[in-house]
Amino acid sequence: MRTADLFHATTFRLALGYLGIFMVSAVALLGLVSWTTSVFIDWQVQETVEAEAGGLSELYSEGGLVKLAGRVAERARDEPERRTVYLLQDAKGRALAGNLYGWPDAAPDAEGWVRFPIGQGGDLTVAAEVLGHAYDLPDGARLLVGHSLFDAKRVKMAINHALVWGLALTTLLGVIGGYIASHHLVARVEAMSRTARTILEGDMTSRMGLTGAHDEFDQLARSFNEMMDEIERLVEGIRTVTDNIAHDLRTPLNRLRSRIDVALLGESDPASLRAVLERTLAEADSLLVTFNALLTISQTEQGSRLHRFEPVDPARLILDVAELYEPLAEEKGVRLEARTEPGLIIAADRHLLFQALANLVDNAVKYSPGGGHVTVSAGITPDGVALTVADTGPGIPEEDRERVLDRFVRLDRQRSTPGNGLGLSLVRAVARLHRATLTLADNRPGLAVRLVFTRADEEGAPRRP
Amino acid sequence: MASLGKPPAAGSWRAGVFLDTLAFELSTGTGMRILLIEDDTEASAYMAKGLREAGHTVDVADDGTDGQFLALTERYDVLVIDRMLPGVDGLSIITRLRAEGHATPVLILSALGKVDDRVRGLKAGGDDYLVKPYAFAELQARIEALGRRVASNQPETRFKVEDLEMDLLARTVTRAGKTIDLQPREFRLLDYLMRHAGQVVTRTMLLENVWEYHFDPQTNLIDVHISRLRQKIDRDFDPPLIQTVRGAGYSLRAHR
C-alpha cells in the first residue's frame, strides 16, 4: 500500500484525530503542571522569607536595632553567594547591615513583595532574580529579606524541559503507533477487499484469511466466508439443477417430440392418432409433475422466516399420512405402522410438511419388499420433536446418503422403479425451511429418515463451533 | 334461462369484450352460464371451446376492466378469473364483487401456486383455486362442482344415489337396504362423492377436500382408496356406482 493511500485511510485519519485531541489535553495538562509548580515555588520562597523575617523580627523586639543589625551582618556573611539577601537601613536610609549594596528600585506589590535582579554566585556574576519583602521597623528603619529564585527557576526550567520533551515523544509515538495500527488495519481491510474482488471476478472459491486473533476482523471474515459458502452452495445448486433439467427434461421432451413426429408421418387412422395423443398427454403430464416438483423445491428453498407457519400437531400428520398410504402398503404386502405421542406441537407449513412425509412414506413403501415393515412415528427427543419414517428395504449405502438429497439423483438400483429423483430433494428443502435437521440412517436393515425440529427456545441461541 | 339466448345489442359492450352466447336454450338443463376472465386469449379460447362442448354458455373477457364490468352487470353461475390481469387485477375484481353483495362462486386461476398465494386468493373471496398449468378436465370438474354448490345451498343430511343411501346424522350408509360398514375416511370420501353425484371429481379435488392437504402424491393413492370403497359399495351390488372417468377422475352415478 502506498503512503499516500495510507494517509487517506479512515483508520489513519482516526488515529490522527485521536492524537490531536490527546496533544491538546497533554498541552493543557502540562501547562497546568507548569503553572502549579511556579505558584508552589513562589509560595515556598515566600514562606522561607517570612520565616526568616519572623525570626529577625523577634530578635528586634528583644534587642532592638543594634542586635538586629548584628544578626543581619552575621547572616549576610553566611551567604556569600547571596541565595538569601538582607538589607537593613536606618531611618535616614543608611545601610546598617546586609549583603545588598542598595535598596532595590523596583516597586513592591500590594502585599509588600518585590522582585529585583541581582548578581549571584561566588563572584556574584550570575544574573538572578530575588523575591523579597520589605518590613518597616517602628523606629523608621527598614529591613529587606529576600530569597533568590535562581534554584526555583532551574527547577521550573527542568520541569518545562521534561514537559516539552515528553510531549514531543508522546506525539512521535502517537504518530508511529497510529501509522502502524492503521497500516495493520488497512492491510486487513485491503486483504478483504482483494478477496471480494477476486470473487467478483468469478472465483467463487476464494475465501478471506483468518489471523486467529478472534477479533472483529476475524468475526467479519468468518461471517463473510460462511455467507460465501452459502452463496456458493446455492449457485452450485442452481448450476446443477440447470444442467439436470437440461438433461433430464430433454429426454422425455425428445420422446414426446418424436412420438408426434412419427404420428404425423404415417397415414394413421383416427383411433391410433387418438392413442398417440393420449400417450403424449400422459407424458406431458408427467413432465408437468416433474416441473411442479422442481418449482415447489425452489420455492421452498427460497422460503424465509417470513414463510407462513402455523402450529401443527405432527401426530395428526403422521396418522394422516399413514392412513393415506395404508391401502397402497397393503396392496404391496407391506405393514405400515404409525406411532405417535400426544401433545406434540411444532411451527410448520402443514401442506409442505405433509408433502415431505408423503414423499418419504412413498419411497419407504416403494422400496420395501413384500412382507416388509414401514414405521412412521412422531415423538419427543432431547433435541426436539422428531418425525421418523423407517423401512426394512435395501437402505442407502452410507456414501450415497448425502448425494441422494440432490435433485435428480437416482441410485442405479432405483432405475427400474418409477420416480423423478426429486422426492428427497423436496424433503431436504422442507427440512431447511423449518430449520429441522434431516438425517438418513441405517435401520438395520433398511433406511430410517428422521426430521428433528429443534425446540423454539433454542432457536435463537448462538451456535458455537 | 330464456334470456340467455338473446344476443347482445351491438355497441352495448366496450371494445375488447369477446361475447359468445349460445343462441339456443340448452336441452340438458345442466348447462351453466360461465364468465371467463383471462388475458391469455389462446388459453381462454381453448377453455371456452371445451366448456361449450360440455354444454355450458361461456362469456370471455380478456382484461380486468371488461371482466369486472360483465361480472357486475350480468348474471353468471360461475366466474373463472385469472389472478393477474391487465386493467383491474383478479383479486380486486373478487373483492369488489363481494363488497357489492355478489355471491357468485369464483374459481381463481393462477400461476402462483404457493400455499400463501392460495390462502390470499381464498381470503379475497375466491371459492376455489386452480394453479396453472392444469388439465382441462380438472377445470371443468371444479367449475361444475362450484355451480352445483349454489344449487344445493341448504345443508343436507341425507343423500341418495340409486339404491345407495347415506345418513349424515346417523352416520350410516346402506345399499339396497343393507348396512355398509365404512372407515371414517371412507365415509368422508363417499360423502364427497355423493354431494357431487353425477359430476366428475378429480383426484386432486378429493385430496384437497377429503384429506385436506395440498400436495402432489407421487403414486395414484386415490385410486387405491377408491378401489377399497368400491369393494364395499359396488362389489356385491348392481349396477356399479363409482365410475372411473378416463383422464379426469371419478364420478358417482349409475353407469349408463
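Caption draft 1: Main features of the overall build of chain A. Assigned secondary structure in chain A consists of 9 helices and 12 strands. Here the contacts in chain A between residues at least 6 apart in sequence split such that 63% fall between residues at least 24 apart.

Caption draft 2: Representation of the overall build of chain B. Counting its regular elements, chain B contains 8 helices and 13 strands. For chain B, the proportion of contacts with a sequence separation of at least 24, taken over those separated by at least 6, is 57%.

Caption draft 3: Representation of the nonpolar core within the structure. With 114 residues, the main nonpolar core has A:Val321, A:Tyr325, A:Leu357, A:Val361, B:Ile34 and B:Val80 as its most contacted residues. By residue number, the principal contributor to this core is helix α7 (residues 350–367) of chain A, which donates 11 residues. Residues A:Val85, A:Tyr86, A:Ile118 and A:Val145 belong to the second largest nonpolar core, which totals 20 residues.

Caption draft 4: Structural context of the interface of chain B and chain A. On the side of chain A, 22 residues touch chain B, which itself brings 17 residues to the contact. The element contributing the most residues to the side of chain B that touches chain A is helix α8 (residues 221–233) of chain B, with 4 residues. Considered class by class, the residues forming the side of chain B that touches chain A number 8 nonpolar, 4 polar and 5 charged.

Caption draft 5: Examining the confidence of the model for chain A more closely. When pLDDT is averaged across chain A, the result is 83; 93% of the residues are at 70 or more. Across residues 457–465 of chain A, confidence stays below pLDDT 50; counting only partners more than four residues off in sequence or on other chains, it has 2 contacts.

Caption draft 6: Expanded view of the pairing of strand β12 (residues 447–454) of chain A. Residues and elements named next belong to chain A. Of the pairings in the sheet, the one linking strand β10 (residues 384–390) to β12 comprises 7 bridges and is antiparallel in character. If you follow Leu-387 over to β12, its bridge partner there is Leu-451. Hairpin geometry of strand β11 (residues 436–442) and β12 is characterised by an intervening segment of 4 residues between the two adjacent antiparallel strands and by a positive phi of about 45 degrees at Arg-444.

Caption draft 7: The sheet that holds strand β12 (residues 242–245) of chain B, seen in detail. Residues and elements named next belong to chain B. A sheet is described by the order of its strands in space; here 3 strands give the open sequence β11-β13-β12, paired in antiparallel fashion. Edge positions in the sheet fall to β11 (200–202) and β12, since each has one partner strand and no second. Within this sheet the neighbouring strands show an average axis-to-axis angle of 35 degrees, counted without direction. Sheet analysis places β12 next to strand β13 (residues 249–252), joined by 4 bridges and oriented antiparallel. Considered in β13, the bridge of Ile-242 is made with Leu-252. Along the sheet, helix α6 (residues 184–195) makes contact with β11, β12 and β13, crossing β13 at roughly 75 degrees.

Caption draft 8: Broad picture of the sheet that holds strand β8 (residues 164–167) of chain B. Residues and elements named next belong to chain B. Read from one edge to the other, the open sheet built from 4 strands follows the order β7-β8-β9-β10, with strand pairing classed as antiparallel. Strands at the two margins of the open sheet, each flanked by one partner only, are β7 (158–161) and β10 (178–180). Ignoring which end each strand starts from, the neighbouring axes of this sheet average 25 degrees apart. Pairing analysis gives 4 bridges linking β7 to β8, with the strands arranged antiparallel. Residue Lys-160 lies in a different strand from β8, and its bridge partner there is Glu-165.

Caption draft 9: Up close: the packing of helix α6 (residues 314–332) of chain A against α8(B). Close contact between α6(A) and α8(B) brings their axes to 9 Å; oriented N to C, the two are set at 80 degrees. The angle between α6(A) and α8(B) places the two elements in the roughly perpendicular class. The segment α6(A) lies against α8(B), with A:Leu324, A:Tyr325, A:Pro327, A:Leu328 and A:Glu331 engaging B:Leu221, B:Val224, B:His225 and B:Arg228.

Caption draft 10: Geometry of the environment of A:Arg142. Along the chain, A:Arg142 falls in strand β5 (residues 142–148). For A:Arg142, a count of 16 C-beta atoms within 10 Å puts it in the partly exposed group.

Caption draft 11: Molecular detail of the pairing of strand β3 (residues 57–61) of chain B. All names here are of chain B. Counting buried positions along β3 gives 5 out of 5 residues, so the element sits mostly inside the fold. Because side chains alternate across β3, one face comprises the buried residues Thr-57, Asp-59 and Ala-61, and the other comprises Val-58 and Val-60, equally buried. With 5 bridges connecting them, strand β2 (residues 33–37) and β3 associate as parallel partners. Within β3, the position partnered with Ile-37 by the bridge is Ala-61. In terms of handedness, the path from β2 via helix α1 (residues 41–53) over to β3 forms a crossover that is right-handed.

Caption draft 12: Quick peek at the environment of B:Gly55. Position of B:Gly55 relative to the elements: it lies in the loop between α1 and β3. Taking C-alpha positions, B:Gly55 is 5.1 Å from B:Gly31, a pair spaced 24 residues apart along the chain.

Caption draft 13: Representation of helix α7 (residues 203–211) of chain B. Buried within α7(B) we find B:Thr204, B:Met205, B:Leu206, B:Val210 and B:Trp211. At the exit of α7(B) stands B:Glu212, carrying a positive phi of roughly 60 degrees.

Caption draft 14: The confidence of the model for chain B, seen in detail. All names here are of chain B. Across chain B, the average pLDDT comes to 83, with 85% of residues at 70 or higher. Of the regions scoring below 50 in pLDDT, residues 1–29 engages in 35 contacts with residues more than four places distant in sequence or in other chains. Across the whole predicted complex the pTM is 0.63, and at the interface the ipTM reaches 0.79.

Caption draft 15: Quick peek at unusual backbone geometry. Going from B:Lys132 to B:Pro133, the amide bond is cis rather than trans, its omega being -5 degrees. If you trace the backbone, B:Pro133 turns up in the loop between β6 (128–131) and α5 (136–151). Here the amide bond leading from B:Asp238 into B:Pro239 is cis, since omega sits at -5 degrees, within 30 degrees of zero. Within the fold, B:Pro239 resides in the loop between α8 and β12. Even without being glycine, A:Arg435 reaches a positive phi, approximately 50 degrees. Within the secondary structure layout, A:Arg435 lies in the loop between α8 (423–433) and β11.

About the thresholds
Residues numbered from 1 in each chain as written. Chains lettered and ligands numbered in written order. Predicted model: local features only at pLDDT ≥ 70, side-chain atom pairs only at ≥ 80, totals over all residues. Helix = DSSP H or I, 4+ residues; strand = E, 2+ residues; numbered from the N terminus. Contact = placed C-beta atoms within 7 Å. Core = buried A, V, L, I, M, F, W, Y, C linked by C-beta atoms within 7 Å. Buried ≥ 20, exposed ≤ 12 C-beta atoms within 10 Å, placed from the backbone. Nonpolar A, V, L, I, M, F, W, Y, C, P; charged D, E, K, R; others polar. pLDDT = per-residue confidence, 0-100. Pairing = 2+ DSSP bridges. Axes fitted to C-alpha atoms, helices over the stretch in contact; angles between N-to-C directions. Parallel < 35°, antiparallel > 145°, perpendicular 65-115°, else oblique. Right-handed = clockwise from strand over helix to strand, strands pointing away.

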